[in-house]
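Here is what each chain is made of, one letter per residue.
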Amino acid sequence: QDQTVLLDDIIEQCYAGNPKLEFTQGYFQALAEIVTQVEDYPCHIHQIMSLALFKSGDAKKTIRKTAINLLRVIEERVFADSCAKEYEIGITSSLPAIYKHTQTLLSARLALDHPEQTYSMLSEITQRFEHISPNSQREVLTYMLPWHRKVDLSVGPHDTELSASAYMVLSN
């Protein structure tokens with residue numbers, strides 16, 4: 001229980017903290033190191049995927065490298081395969097236009113490869129969204145677009161209520 005609360009607080013700091021401050025980056029580096037080294041670390045895949053995707057657009061190259069490695073490790077651990085390596089060159093580019101575009105391409109690939117994570121990923125980023133800086137919020141909306149496209153909010157002709165997953169998305 002305490003470990004779950006601590007993990008949530010650390011993840012919150014990774015999203016909300018000023019990325020220019022070393023201690024904010026330290027939260028992410030420490031979390032990434034623990035999750036990559038401790039194979040059975042109790043965390044949810046969508047929490048780590050969402051955070052790694054967010055940090056793959058960070059201004060600091062070392063943070064982006066850590067993010068893509070974290071994503072690779074957690075994907076291999078849970079899904080036995082990872083697409084992260086294919087995007088490493090773009091994510092580690094020194095040019096913001098390249099790594100931001102690659103972040104969106106990576107997000108689209110993850111949404112395609114792991115559609116079962118759609119609602120969890122959207123729920124996670126929605127939960128963190130208000131704590132993210134306004135500039136980063138715009139970037140989040142851009143790279144999360146492929147996940148939003150996976151959401152089905154349709155109601156059949158004889159249905160009077162939304163499905164549980166559609167309700168979850170609308171209520172977040």
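Use the structure listed above.
This text gives an overview of the structure that appears in the document. No experiment lies behind these values; they were computed from the predicted model shown.

Things to note about the layout of surface pockets
Working step 1: In this structure, the largest pocket spans a volume of roughly 430 Å³.
Working step 2: If you trace the largest pocket, you find 25 residues lining it, with P19, D58, A59, S136 and E139 closest to the centre.
Working step 3: Within the residue set of the lining of the largest pocket, elements represented by two or more residues are α1 (2–16), α2 (22–37), α3 (45–55), α6 (96–113) and α8 (134–143).
Working step 4: Per-element tally for the lining of the largest pocket: the top contributor is α8, with five residues.
Working step 5: Residues of the lining of the largest pocket, tallied by class, amount to 10 nonpolar, eight polar and seven charged.

A short note on α8
Working step 1: Taken as a whole, α8 has its buried residues at S136, Q137, V140 and Y143. On an axial view of α8, the arc spanned by its buried residues comes to 135°, and they lie on one face. Facing away from the buried surface of α8 by more than 90 degrees, the exposed residues are P134 and R138.
Working step 2: Among the structural elements, α3, α6, α7 (118–129) and α9 (145–148) are those in contact with the buried residues of α8.

Criteria and thresholds
The residue count restarts for each chain, going from 1 along the sequence in the order it is written. It should be noted that, the model being predicted, local features are given only for residues of pLDDT at least 70 and side-chain atom pairs only at 80 or more, the latter also being counted only at that level, while totals for whole chains, interfaces and linings use all residues. The side-chain values count all of the structure's non-hydrogen atoms but skip hydrogen atoms and water molecules. We place a 1 Å grid over just the protein atoms. Points where a 1.4 Å probe fits but has no way out form a cavity, open points with protein on both sides within 12 Å along at least 5 of 7 lines form a pocket, and any residue with an atom within 4 Å of a point lines it. Grid points are joined across faces, edges and corners, and a volume is the space filled by probe spheres set on the points. Runs of E in the DSSP output that reach at least two residues are strands. Runs of H or I that reach at least four are helices, and both are numbered from the N terminus. Note on residue categories: nonpolar means Ala, Val, Leu, Ile, Met, Phe, Trp, Tyr, Cys or Pro, charged means Asp, Glu, Lys or Arg, and polar means any other residue, Gly included. Only protein chains enter the calculation, and the probe is 1.4 Å; a residue is then buried if its accessible area is under 20% of its type maximum, exposed if over 50%, and partly exposed in between. Arc, as used here, means the arc of the directions from the helix axis to the C-beta atoms. Any two residues having at least one pair of non-hydrogen atoms within 4.5 Å are treated as being in contact.

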